[in-house]
Amino acid sequence: FQKVVLSREITGVPVAQDFAIEAMARPEIAEGELLVKNAFLSLDPYIGSRLKGRHMSGPAPKIGELIPGLAVGEVLESRAAGFAPGDHVVGESGWRTHCVMDAAAAQKVDAAIQPLSLHLGVCGMPGLTAWASAHHLAKVREGDRVLVSSATGPVGGTVGQLARIKGATKVVGLAGSDTKCRTVEREYGFDLCINYKDADWTDQLAAALPDGITVYHDNVGGDVLDAALANLADYGRVILCGLISQYNLPEGERPAGPNPGVYILKRAQLSGLVVYDYMAEQADYAARAFEWIESGDLRYVEDRAEGLAATPELFAKLMHGDNVGKTVVALGNG
Ligand code: NDP
């Protein structure tokens with residue numbers, strides 16, 4: 001029984017030394033609760049914002065408190081109707097080997113979907129985010145020319161593949177290294193991926209989509225959003241999903257933002273995306289995504305570490321943008 005806690009105030013981009021591993025007692029459960037043995041912990045970009053008190057999911061932990069986060073695991077004990085030992089659930093656990101979960105907020109998942117880490121990635125919250133974007137908000141259809149930023153990640157990589165499934169003519173990704181771009185092209189099957197750190201990347205973008213972008217899924221904000229908007233086709237649809245380029249900026253620092261005039265000029269449609277609005281679809285989406293995985297239409301990449309003690313380093317890797325794919329910690333139970 002172990003947990004990861006905040007060891008000091010985080011000022012800049014989080015590093016491993018901001019966290020400490022501590023032993024914990026076997027938790028006791030009350031009526032309506034579950035004792036869960038975690039199989040995988042999910043490390044997500046929003047946790048960086050949460051640690052600074054800048055995320056809608058809740059307040060920042062104080063020094064010595066548990067780090068929040070989703071996990072998938074097996075129910076060991078249940079004092080809640082509808083849940084039994086042996087069931088598998090996803091829920092808010094925090095970074096720990098075992099947790100007490102409020103059954104009302106726990107989501108039972110199909111253990112036939114394996115590896116269980118899929119419930120945290122392409123079949124879980126990031127995948128559902130991609131589905132909300134491509135299916136509900138952008139309504140990708142035949143003929144669309146789609147651009148996706150952070151294309152190696154579980155959200156971006158899945159958006160591009162779902163766009164392809166829904167008939168997009170061209171799918172282009174943006175990522176931060178040549179190695180990541182190769183993953184996006186070879187694993188996820190995008191037509192092209194452009195390294196936005198190349199000096200001439202905006203020229204490459206204009207050349208790749210000469211007739212303009214009809215759908216842009218934005219995970220990053222800032223200059224990348226600006227460049228995508230400059231290449232938007234008239235009546236283009238823009239899905240604003242994440243602002244990862246700004247999550248670790250110092251408090252009060254004003255980021256470079258897009259010029260709103262471009263929305264008018266392009267007659268653009270913008271949609272903000274909050275995945276929590278789509279949670280009722282999670283189980284149906286997971287089943288469909290797993291069918292696509294089995295048929296080879298949907299592929300995923302994981303950046304995995306083994307054991308709770310590896311969590312701080314892996315999180316720092318994610319926060320520095322060095323992860324490739326969905327970041328998960330395997331706890332040896334899945
Ligand atoms: P990713 O793996 O895509 O996120 C990490 C990647 O972000 C990095 O590898 C890096 O890739 C990129 N990145 C760009 N700028 C920075 C920066 N300044 N610092 C660190 N990394 C950077 O994670 P996800 O697929 O899980 O999430 C993608 C986005 O979707 C995030 O912004 C997330 O917050 C958002 N999201 C929004 C939801 C909603 O409801 N609106 C729900 C779920 C996720 P590269 O090198 O290619 O730049």
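Bear in mind the structure is a predicted one, so any value in this text is a computation, not a measurement.

*Asks:* Whenever I open this one, the packing of helix 5 (residues 201-208) against helix 6 (residues 222-230) confuses me. Can you help?
*Replies:* In helix packing, the relevant descriptors are the interaxial angle and the interaxial distance, both defined with respect to the helix axes. Two elements in contact, helix 5 and helix 6, have axes separated by 10 Å at closest approach and are oriented at 35 degrees. The handedness of the crossing between helix 5 and helix 6 comes out as right-handed. Between helix 5, through Trp-201, Thr-202 and Leu-205, and helix 6, the contact on the second element is made entirely by Val-224, Ala-227 and Ala-228. Residues of the contact of helix 5 with helix 6, tallied by class, amount to five nonpolar, one polar and no charged.

*Asks:* Can you walk me through the domain arrangement of the protein in this structure?
*Replies:* When the parts of a complex come together, some accessible area is lost, and that lost area is often taken as the interface size. Partitioning the protein into structural domains gives domain 1 (2-121 + 301-330) and domain 2 (125-276). The interface is formed by 23 residues belonging to domain 1 together with 18 residues belonging to domain 2. When the buried surface of domain 1 facing domain 2 is broken down by residue, Arg-54, Val-301 and Val-324 rank first, second and third, together holding 29% of it. Counting across the interface, domain 1 meets domain 2 through zero salt bridges. Our count for the contact surface shared by domain 1 and domain 2 stands at five residue pairs in polar contact (both at pLDDT 80 or more). Looking at the side of domain 1 that touches domain 2, the element that brings in the most residues is helix 1 (residues 45-51), giving three residues. Each residue belonging to the side of domain 1 that touches domain 2 can be placed in one class, and the counts come to 10 nonpolar, nine polar and four charged.

*Asks:* Help me understand the site of the ligand in this model?
*Replies:* Taken together, 26 residues sit near the ligand, with Lys-180, Tyr-196, Leu-273, Val-275 and Asn-323 positioned nearest. In this structure, an oxygen atom belonging to the ligand sits 3.3 Å away from a side-chain N or O atom of Ser-150. The fraction of the free accessible surface of the ligand (920 Å²) that becomes covered by protein chains is 87%. Sorting the residues of the shell around the ligand by element identifies helix 2 (125-137), helix 3 (154-165) and helix 9 (311-319) as the ones contributing at least two each. If you count residues domain by domain, the shell around the ligand takes at least three from each of domain 1 (2-121 + 301-330) and domain 2 (125-276).

*Asks:* Could you clarify how one ought to interpret helix 9 in this entry?
*Replies:* One turn of an α-helix holds 3.6 residues; hence residues three or four places apart share an orientation. Taken across its nine residues, helix 9 has seven buried, putting it largely inside the fold. Of the residues making up helix 9, those classed as buried are Thr-311, Pro-312, Leu-314, Phe-315, Ala-316, Leu-318 and Met-319. Where helix 9 is buried, its residues contact strand 1 (2-6), strand 2 (19-23), strand 3 (33-43), helix 1, strand 14 (302-306) and strand 15 (326-330).

*Asks:* Please clarify how the packing of aromatic side chains should be interpreted in this entry.
*Replies:* Between two aromatic rings, the relevant description is the distance of the centres plus the angle of the planes. Counted under the stated rule, the structure contains six aromatic pairs. Between Trp-131 and Tyr-285, the aromatic rings sit 6.0 Å apart at their centres with planes inclined by 35 degrees, giving tilted as the arrangement. Residue Trp-131 is located in helix 2, and its partner Tyr-285 is located in helix 8 (residues 282-295); the two are separated by 154 residues in the primary sequence. Ring geometry for Trp-131 versus Trp-292: centroids 6.1 Å apart, planes at 45 degrees, classification tilted. Residue Trp-131 is located in helix 2, and its partner Trp-292 is located in helix 8; the two are separated by 161 residues in the primary sequence. Classification of Trp-292 by relative accessible area gives buried; the value is 16%. Put simply, the rings of Phe-19, Trp-95 and Phe-315 pair up and form one aromatic cluster. If you follow Lys-108 out to its NZ or CZ, it ends over the ring of Phe-83, 5.5 Å from the centre.

*Asks:* What am I meant to see in the side chain of Asp-144 here?
*Replies:* Its place among the elements puts Asp-144 in the loop between helix 2 and strand 8 (145-148). Within the local environment of Asp-144, its side chain forms a polar contact with the side chain of Thr-214, the two groups lying 2.7 Å apart. Setting aside chain neighbours within four positions, we find Asp-144 in contact with Lys-139, Ala-168, Thr-169, Lys-170, Thr-214, Val-215 and Arg-237.

*Asks:* Looking at this structure, how should I read helix 8?
*Replies:* Relative to the 20 Å expected for 14 residues at 1.5 Å per residue, helix 8 spans 20 Å between its end C-alpha atoms, a close match to the ideal helical length. Burial in helix 8 covers these residues: Gln-282, Tyr-285, Ala-286, Ala-289, Phe-290, Trp-292 and Ile-293. Along the long axis of helix 8, the arc covered by the buried residues comes to 160 degrees, so they all point the same way. With respect to the buried face of helix 8, the exposed residues turned more than 90 degrees away are Ala-283, Asp-284, Glu-291 and Glu-294.

Parameters at a glance
- Residues numbered from 1 in each chain as written.
- Predicted model: local features only at pLDDT ≥ 70, side-chain atom pairs only at ≥ 80, totals over all residues.
- Heavy atoms only, no water.
- Axes fitted to C-alpha atoms, helices over the stretch in contact; angles between N-to-C directions.
- Helix = DSSP H or I, 4+ residues; strand = E, 2+ residues; numbered from the N terminus.
- Left-handed = near helix turned anticlockwise from the far one by under 90°.
- Contact = heavy atoms within 4.5 Å.
- Nonpolar A, V, L, I, M, F, W, Y, C, P; charged D, E, K, R; others polar.
- Domains from an automatic or database assignment.
- Buried area = accessible area lost by both parts, 1.4 Å probe.
- Salt bridge = Lys/Arg side-chain N within 4 Å of Asp/Glu carboxyl O.
- Polar contact = N/O pair within 3.5 Å; in protein donor to acceptor, adjacent residues only side chain to side chain.
- Near = heavy atom within 4 Å.
- Areas by Shrake-Rupley, 256 points an atom, 1.4 Å probe, with all protein chains shown as cover.
- Buried < 20%, exposed > 50% of the residue type's maximum accessible area, 1.4 Å probe, protein only.
- Phe/Tyr/Trp six-rings, centres within 6.5 Å; stacked < 30°, edge-to-face > 60°.
- Lys NZ or Arg CZ within 6 Å of the ring centre and 35° of its normal.
- Expected span 1.5 Å × (residues − 1).
- Arc of directions from axis to C-beta.

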